[in-house]
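The chain contents come next:
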Amino acid sequence: MFLTISTTGNPERPATDLGFLLHKHPERAQTFSTSHGTAHVLYPEASAERCTAALLLEVDPVALVRRGKGKGRGGAPDSALAQYVNDRPYAASSLLAVALAKVFKTALHGECKAMPERAAAPLPLRVEVPALPARGGAELVRALFGPLGWTTVDAEPVPLDREFPAWGDSRYVRLVLEGELRLADALNHLYVLLPVLDDAKHYWVAPDEVDKLLRAGDGWLAGHPERKLITARYLSRRWGLAREATERLELVRLAEAEGLDVEDVDNAVDETTDTEERPVPLAEQRREAILGALTAAGASRVLDLGCGQGQLVQALLKDPRFTEIVGVDVSARALGIAARRLRLDRMGERQAARVKLTQGSLAYTDKRLAGYDAAVLSEVIEHLDLPRLPALEFAVFGSARPGTVVVTTPNVEYNVRWETLPAGHVRHGDHRFEWTRKEFRDWAAGIAGQYGYEVAFAPVGPDDPEVGPPTQMAVFRRTDSRDAGHSGSGTGTGTGTGTGTDHRTDHLTPDTTDHLTPDTTDHRTDHPTHDTADHATDHRSDGSSKEAAA
């Protein structure tokens, strides 16, 4: 799919200033990764008299089918056949709108440090979109763009087949817009109205879409005669969200009519009283789900395997039902941060007796970890290479054998809902894999059968009806009477060692640790990386990890 933005100029105010405003150099072709393909920015022409910037989006059709909402054309309500024959790689839609927002993010906000006066001033602009789905026809295109200051809104219907004019026109138009507008306003018009005309979105419409709509519609949407239609279509007819957007836009309209700020109109709430219900971060929802599973199991002595920076250990300490808590991690740095978080050096004697931090690799068995009521592996397994996963399985389920084991891991199917996560990417740079719900259930069922456990599953976070929750959780309960340290199907020789980070951290010693095999050790080093989804994650070298509370 393709669009161009052109402007004209003169030697005093050259048209190539467009490159400064878009923050894309006219002499270079640039490439950007998006959630469903690759976006290219290039300049077919660049002179002082005329400059044209082109945005070309190459859609990955395989990623589109795998990551789409399951309704044919990447979210549009077409038949199942449309998974294989569709217009998504060619027709402008929400895919192009998202690429536009990512590639021209600074220009969309009206920012340009090099030429702030040019960014704030209207430019003679011409926008062309060769293939635009228009559910409502050319008349709706003119009704949407006409009131926004465009002097020319040309929506030429595209025939189904030029060789057979009797077949009539398709639902696509060739769009040409001309007028003098700020570049930021033109980009925001396109960002909102492309998916509105297509009447479909390729990603799940979450509550934060209301904020996106109001930001992009600032200055023009509140007074638009088609405001109701724009709001309903942009929010995929999620009527609760559409109602919220309509109410907020009405406040904006009233404020503009009275020459007041929105806050002066919407003054029914005392500013000193915070009554807004804020969304709960996924990391916090995960900890609550784990605490609930441990409480339901009646556990009092708990292992946090891969404790990271100690967020779960800290939550466990707040509940007196958990009388002994052991945090295990391979990273000395992470344990040091956990110790500072818990303030171990200033903790009272009774409280300090409940908690212990131990350095150790989960690829090794450790006799000291046997006999506990429960163990937690929260966002850990995906940091191990798959060939090394059996070592962890045996160390936890075959050797330590706690009564209950709680495992959480990302649901890769949900990644399609992270709008900014590029296609084919995992949520964290250190993730060796991310499983679908079926893959996770098959793995858990195999572990339960092999080591004498039964397993139940629960969602963590919003349970999307099509792709499931962002995090999946399995709760294993031991069913047989085998003692901890049972060899299962594995054997081990050798030793493993580690060093602690403060006076309250235990040390692994050769006579307390059984070694599976030398090649099962995970030697990765501790190096936090940036999470491309909208949450932060810490990871350690044995595959242990914890997502930090957002």
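What you are looking at is a predicted structure, and each value in this text was computed from that prediction instead of being measured.

The number of helices and strands found in the chain is 17 helices and 19 strands. For the chain, the computed accessible surface area is about 24,800 Å², with 51% contributed by carbon and sulfur atoms.

Moving on: the pairing of strand S7 (residues 169-181). For strand S5 (residues 123-133) and S7, the ladder comprises 9 bridges, and the chain directions are antiparallel. Looking at S7, one finds that Val127 is bridged to Leu177. As paired strands, strand S6 (residues 152-159) and S7 are joined by 7 bridges and run antiparallel to one another. Across the sheet, the residue bridging to Thr152 is Glu178, located in S7.

Looking now at the sheet that holds S7. Pairing in this open sheet of 7 strands is antiparallel, and the strands run S2-S3-S4-S1-S5-S7-S6 from one edge to the other. Each edge of the open sheet carries a strand with a single partner, namely strand S2 (30-34) and S6. With strand direction ignored, the average angle separating the axes of adjacent strands in the sheet is 15°. One ladder, built from 4 bridges, connects strand S1 (residues 2-8) with S5; its direction is antiparallel. Pairing of Thr4 across the sheet is with Glu128, part of S5. On top of the sheet, helix H6 (residues 137-145) reaches S6 and S7; it is set at about 160° to S6, its chief contact.

Ranked by internal contacts, the top residues of the largest apolar core, which has 73 residues, are Phe145, Trp150, Leu183 and Val192. Those residues in contact with Trp150, other than ones at most four positions away along the chain, are Leu125, Val127, Phe145, Leu177, Glu178, Gly179, Leu181, Ala186 and His189.

A few words on the pattern of salt bridges. Evaluation of the coordinates by the stated rule reveals 23 salt bridges. Across the pair Asp17 and Arg118 runs a salt bridge, and its minimum N-O distance is 3.1 Å. Taken together, the residues Asp17 in helix H1 (residues 17-22) and Arg118 in helix H5 (residues 116-120) connect sequence positions 101 residues apart. On the accessibility criterion, Asp17 (7% relative accessible area) is buried.

One full turn of an α-helix is made of 3.6 residues, so residues set three or four places apart face in the same direction. Its 15 residues give helix H12 (residues 282-296) an end-to-end C-alpha distance of 21 Å, which sits within 8% of 21 Å, the value for a rise of 1.5 Å per residue. Those residues of H12 not exposed but buried are Leu282, Ala283, Arg286, Arg287, Ala289, Ile290, Leu291, Ala293 and Leu294.

Below, the discussion takes up the packing of helix H7 (residues 183-198) against helix H8 (residues 208-216). Relative placement of two packed helices is described by the angle separating their axes and the distance separating the axes. In contact at an axis separation of 9 Å, H7 and H8 are set at 140° when each is read in the N-to-C sense. Crossing angle aside, the handedness with which H7 passes H8 is left-handed. Taken together, the residues of H8 that come into contact with H7 (itself represented by Asn188, Tyr191 and Val192) are Lys212, Leu213 and Ala216. Looking at side-chain class alone, the contact of H7 with H8 contains 4 nonpolar, 1 polar and 1 charged residues.

Our focus in this paragraph is the packing of aromatic side chains. What describes a pair of aromatic rings is the distance from one ring centre to the other and the angle between the planes of the rings. According to the stated counting rule, one finds 13 aromatic pairs in the structure shown. Consider the rings of Phe440 and Phe457, whose centres lie 6.0 Å apart with planes at 75°: the pair is edge-to-face. Taken together, the positions of Phe440 in helix H17 (residues 437-451) and Phe457 in strand S14 (residues 453-460) put the pair 17 residues apart, joining distant regions of the chain. The class for Phe457 is partly exposed, based on a relative accessible area of 27%. Look at Tyr453 and Phe476: their rings are 6.5 Å apart centre to centre, the planes differ by 85°, and that puts the pair in the edge-to-face class. Residue Tyr453 is found in strand S14, and its partner Phe476 is found in strand S15 (residues 471-478); the two are separated by 23 residues along the sequence. Residues Tyr453 and Phe476 agree in their burial class; the two are buried. A network of ring pairs unites the aromatic residues Phe397, Phe433, Trp435, Phe440, Trp443, Tyr451, Tyr453, Phe457 and Phe476 as a single cluster. It is Arg301 that lies over the ring of Tyr372; its NZ or CZ is 4.2 Å from the centre.

Turning next to unusual backbone geometry. Positive phi values are uncommon outside glycine, yet His23 reaches one of about 60°. When you line up the elements, His23 lands in the loop between H1 and S2.

Turning our eyes to something else, we now look at H17. Across its 15 residues, H17 extends 21 Å between first and last C-alpha, which sits within 8% of the 21 Å expected from 1.5 Å per residue. All of the buried residues along H17 are Phe440, Trp443, Ala444, Ile447, Ala448 and Tyr451. Down the axis of H17, the smallest arc covering the buried residues is 135°, so these residues share one side. When the buried face of H17 is taken as reference, the exposed residues oriented beyond 90 degrees from it are Lys438 and Gly449. Turning to H17, the residues buried within the fold contact helix H16 (389-400), strand S13 (404-410), S14 and S15. Two residues or fewer after H17 comes Gly452, characterised by a positive phi angle close to 80°.

A word on the confidence of the model for the chain. When pLDDT is averaged along the chain, the result is 82; 79% of the residues meet or exceed 70. Note that residues 69-79 has pLDDT below 50 and, in this model, 32 contacts with residues that lie over four places away or in other chains. Long-range and interchain partners of residues 485-550, a stretch whose pLDDT sits below 50, account for 200 contacts in this model, where long-range means more than four residues apart.

With respect to the helices and strands, Asn415 occurs in the loop between S13 and H17. Residue Asn415 is classed as buried on the basis of its relative accessible area of 1%. One polar contact links Asn415 to Arg427, side chain to side chain, over a distance of 2.6 Å.

Turning next to the environment of Glu111. Looking at the element boundaries, Glu111 is found in the loop between helix H4 (105-108) and H5. For Glu111, a relative accessible area of 46% corresponds to the partly exposed category. For the pair Glu111 and His23, spaced 88 residues apart in sequence, the C-alpha to C-alpha distance is 9.6 Å. In this view, Glu111 contacts His23 and Thr106; residues no more than four positions away in its chain are not counted.

Reading the values: the criteria
Residues numbered from 1 in each chain as written. Predicted model: local features only at pLDDT ≥ 70, side-chain atom pairs only at ≥ 80, totals over all residues. Heavy atoms only, no water. Helix = DSSP H or I, 4+ residues; strand = E, 2+ residues; numbered from the N terminus. Areas by Shrake-Rupley, 256 points an atom, 1.4 Å probe, with all protein chains shown as cover. Pairing = 2+ DSSP bridges. Axes fitted to C-alpha atoms, helices over the stretch in contact; angles between N-to-C directions. Contact = heavy atoms within 4.5 Å. Core = buried A, V, L, I, M, F, W, Y, C linked by side-chain atoms within 4.5 Å. Buried < 20%, exposed > 50% of the residue type's maximum accessible area, 1.4 Å probe, protein only. Salt bridge = Lys/Arg side-chain N within 4 Å of Asp/Glu carboxyl O. Expected span 1.5 Å × (residues − 1). Left-handed = near helix turned anticlockwise from the far one by under 90°. Nonpolar A, V, L, I, M, F, W, Y, C, P; charged D, E, K, R; others polar. Phe/Tyr/Trp six-rings, centres within 6.5 Å; stacked < 30°, edge-to-face > 60°. Lys NZ or Arg CZ within 6 Å of the ring centre and 35° of its normal. Arc of directions from axis to C-beta. pLDDT = per-residue confidence, 0-100. Polar contact = N/O pair within 3.5 Å; in protein donor to acceptor, adjacent residues only side chain to side chain.

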